[in-house]
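Examination of the molecular architecture
Residues per chain are reported as follows:
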Amino acid sequence: TVSLAGGWGELRLGRDYTPQFWNLTTFDPFGTNGIGTTQTLLGSAGGAVNTRASNTIGYFLPGNLGGFYGQAQYYLGENLKDGTAAEKDGTGAGFRVGYAAGPVNVAVAYSRTDYASTATAGQITTFNVGGQWDFGVAKLMAHFNRDTVETTAGDLDTNGWLIGTLVPVGAGEIRASYSQSQQDFGTEARGRKLALGYVHNLSKRTAVYTTVARVRNNGGASFALGGSSTGANTNSTGFDLGVRHSF
C-alpha cells in the first residue's frame, strides 16, 4: 500500500485489509494466525475479499477524535468490461467505525461485494461487530459475523461468533477461544472450534508459542486444521509450535 496522511486522516491505496476483516482479527485472541484462528473467518462466505482486497481506495479517520476511529474503503475487481454479469466481480465497498478508550474497545463493520459470475453466487454482504474489555488480570473479547450470499435459490446466511480471552502470566500470555460458524441454509453445516495457546516472550522482539485446537463438525461441515482435510461430520485436532521474531 501507499499512503498520504496528515491531521485530516489518511488516504491509502493498494492491496489492503478490508474493513470487515478488522473486527475478526482484532477481537480474536490468536489474531487470525495459526490453527487457533477464529472459525468465523474460516467459515466466512465473504469470497476473495474476506481478508484483503486489491485495487483499494481507503480513508482512515485521524487519531485525535477522543477515542473514535473509522475507515471507509472502495475496491475494484479486474475484469473485462464486456457487458456480462461477471464484469464487476470483486468490486465492492465497506466501512468500519469504533470507539476505544480506557479498558473498552468496540467496533462495527459492513461491506457489500459483487459476485454475479455464476447462477449460484451473487452479491455478498458482510456485517460484524466486536468488542473487548480489559480487566487488568485478563482481556475478554467477543465478536459476531454474518455473511449473506444472494443466490437463485434464496439467500445463504453464514453466521459465526467467538468468545475469547488473553491472560498475562509473568513473561507470557495464555490465549483461549471458542468459536463457531454455521450455514443457516439446507443442512445447517456447523463447525465449532476450541483453541488454547501460550506465548512466552524471550525479549521485546522474540517469543516462542504453542497452540492446540480441535474442530467438531456437524450438519455436513468438514472444517479441518492447518490446511488439512477431513470428512463431513468428523473432527480435526492439531497443534502449532514456533518462534516469532519482529524485525
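Conventions and cut-offs
Every chain begins its residue count from 1, and numbering advances along the sequence as written. With the structure being a predicted model, the display of local features is reserved for residues of pLDDT at least 70 and the display and counting of side-chain atom pairs for 80 or more, all residues being used for whole-chain, interface and lining totals. Hydrogens are left out, water is left out, and the side-chain values use all remaining heavy atoms of the structure. Helix and strand definitions follow DSSP, with helices as H or I runs of at least four residues and strands as E runs of at least two, each counted in order from the N terminus. All radius of gyration figures rest on C-alpha atoms, and the globule criterion is 2.2 Å times the number of residues raised to 0.38. Only four residue types enter the tally: Lys and Arg on the positive side, Asp and Glu on the negative side; His and the chain ends are excluded. In this description, the location of a charge corresponds to atom NZ of lysine, CZ of arginine, CG of aspartate or CD of glutamate. Any two strands between which DSSP finds at least two bridges are classified as paired. Definition of nonpolar core: a set of buried residues of the types Ala, Val, Leu, Ile, Met, Phe, Trp, Tyr and Cys, connected through side-chain atoms within 4.5 Å. Think of it in three bands: with a 1.4 Å probe and only protein chains considered, a residue is buried below 20% of the maximum accessible area for its type, exposed above 50%, and partly exposed in between. Between two residues, a contact is recorded if the distance between any of their heavy atoms is within 4.5 Å. Confidence of the predictor in every single residue is expressed as pLDDT, which spans 0 to 100. Pairing of aromatic side chains requires ring centres within 6.5 Å, counting the rings of Phe and Tyr and the six-membered ring of Trp. Pairs whose planes differ by under 30 degrees are stacked, by over 60 edge-to-face, and all others tilted. Salt bridge, as used here: a side-chain nitrogen of Lys or Arg that lies within 4 Å of a carboxyl oxygen of Asp or Glu. Polar contact is the term for a pair of N or O atoms within 3.5 Å; when the atoms are in protein, one must be able to donate a hydrogen and the other to accept it, and sequence-neighboring residues count only if both atoms are side-chain atoms. Only residues whose relative accessible area exceeds 30% and that take part in no salt bridge are eligible for patches, with like-charged residues grouped when within 9 Å of each other and nonpolar side chains (Val, Leu, Ile, Met, Phe, Trp, Tyr) grouped when within 5 Å. Computed by Shrake-Rupley with a 1.4 Å probe, the accessible areas treat only the displayed protein chains as cover when residues are assessed.

**Re the overall build of the protein**
- A tally of regular secondary structure across the protein gives 2 helices and 13 strands.
- For 247 residues, the compact-globule estimate of 2.2 N^0.38 gives 18 Å, and the protein sits close to it at 19 Å.
- Across its three principal directions, the C-alpha atoms of the protein cover 60 × 55 × 30 Å.
- Each charge class in the protein was averaged separately, 18 positive and 17 negative side chains, and the resulting centres sit 10 Å apart.

**Focus: the pairing of strand β5 (residues 92–101)**
- With 8 bridges connecting them, strand β4 (residues 68–75) and β5 associate as antiparallel partners. The residue of β5 that forms the bridge with Y74 is A93.
- Inspection of the sheet shows β5 paired to strand β6 (residues 104–113) by 10 bridges, in the antiparallel sense. Along β6, the bridge assignment pairs G94 with S111.
- Where β5 hands over to β6, the hairpin turn is made up of 2 residues, of which G102 adopts a positive phi near 60°.

**Focus: the nonpolar core**
- Of all hydrophobic cores here, the largest spans 7 residues; its members are V49, A53, Y75, Y115, I124, V149 and L156.
- Other than its neighbours up to four places away in sequence, L156 contacts D147, T148, V149, T151, Q183 and F185.
- Ranked by size, the runner-up nonpolar core spans 6 residues in total, among them I35, A213, V215 and L225.

**Some points on helix α1 (residues 19–26)**
- Taking burial as the measure, the 8 residues of α1 include 6 buried ones, the bulk of the element.
- Every buried residue of α1 is accounted for by P19, Q20, F21, N23, L24 and T25.

**Observations regarding the pairing of strand β7 (residues 124–134)**
- Of the strand pairs in this sheet, β6 and β7 are connected by 10 bridges, and their pairing is antiparallel. Bridge pairing in β7 places R112 opposite T125.
- Across 11 bridges, β7 lies against strand β8 (residues 139–151) in antiparallel orientation. Of the residues in β8, the one forming a bridge with G131 is A142.
- Linking β7 back to β8 in an antiparallel pair, the connection comprises 4 residues, with G136 at a positive phi of about 90°.

**What to know about the confidence of the model for the protein**
- Confidence in the prediction of the protein, expressed as mean pLDDT, is 92, and 96% of residues score 70 or more.
- Per-residue pLDDT, averaged within each element of the protein, yields its smallest value for helix α2 (residues 39–42) (90) and its largest for β4 (98).

**Description of the packing of aromatic side chains**
- Under the criterion given, the structure shown has 7 aromatic pairs.
- With a centroid separation of 6.4 Å and 50° between ring planes, the pair formed by F21 and W22 is classed as tilted.
- Given a relative accessible area of 4%, F21 falls into the buried group.
- Classification of W22 by relative accessible area gives partly exposed; the value is 25%.
- Through a chain of ring-to-ring contacts, the aromatic side chains of Y17, F21 and W22 assemble into a single cluster.

**Quick word on the pattern of salt bridges**
- Inspection of every chain in the model, using the stated rule, returns 3 salt bridges.
- In this structure, R12 and E10 form a salt bridge, with 2.9 Å as the shortest nitrogen-oxygen distance.
- One continuous salt-bridge network, built from bridges that share partners, spans E10, R12 and D16.

**Examining the side chain of T113**
- Within the secondary structure, T113 is located in strand β6.
- Only 2.7 Å separates the side chain of T113 from the side chain of Y75, close enough to count as a polar contact.

**So, the environment of E188**
- With respect to the helices and strands, the residue E188 is situated in the loop between β10 (172–183) and β11 (190–201).
- By relative accessible area, which is 43% here, E188 ends up partly exposed.
- It is 7.8 Å that separates the C-alpha atoms of E188 and G220, two residues lying 32 residues apart in sequence.
- Every residue in contact with E188, bar those within four places of it in the chain, is listed here: Q182, Q183, N218 and G219.

**Digging into a nonpolar patch on the surface**
- Among the surface-exposed residues, V2, L4, W8, L11, L13, I57, Y59, L61, L65, F68, Y74 and L76 lie close enough to one another that they form a single nonpolar patch of about 1,100 Å² accessible area.
- Following the sequence through the fold, W8 ends up in the loop between β1 (2–6) and β2 (9–17).
- The partly exposed category is assigned to W8, whose relative accessible area is 44%.

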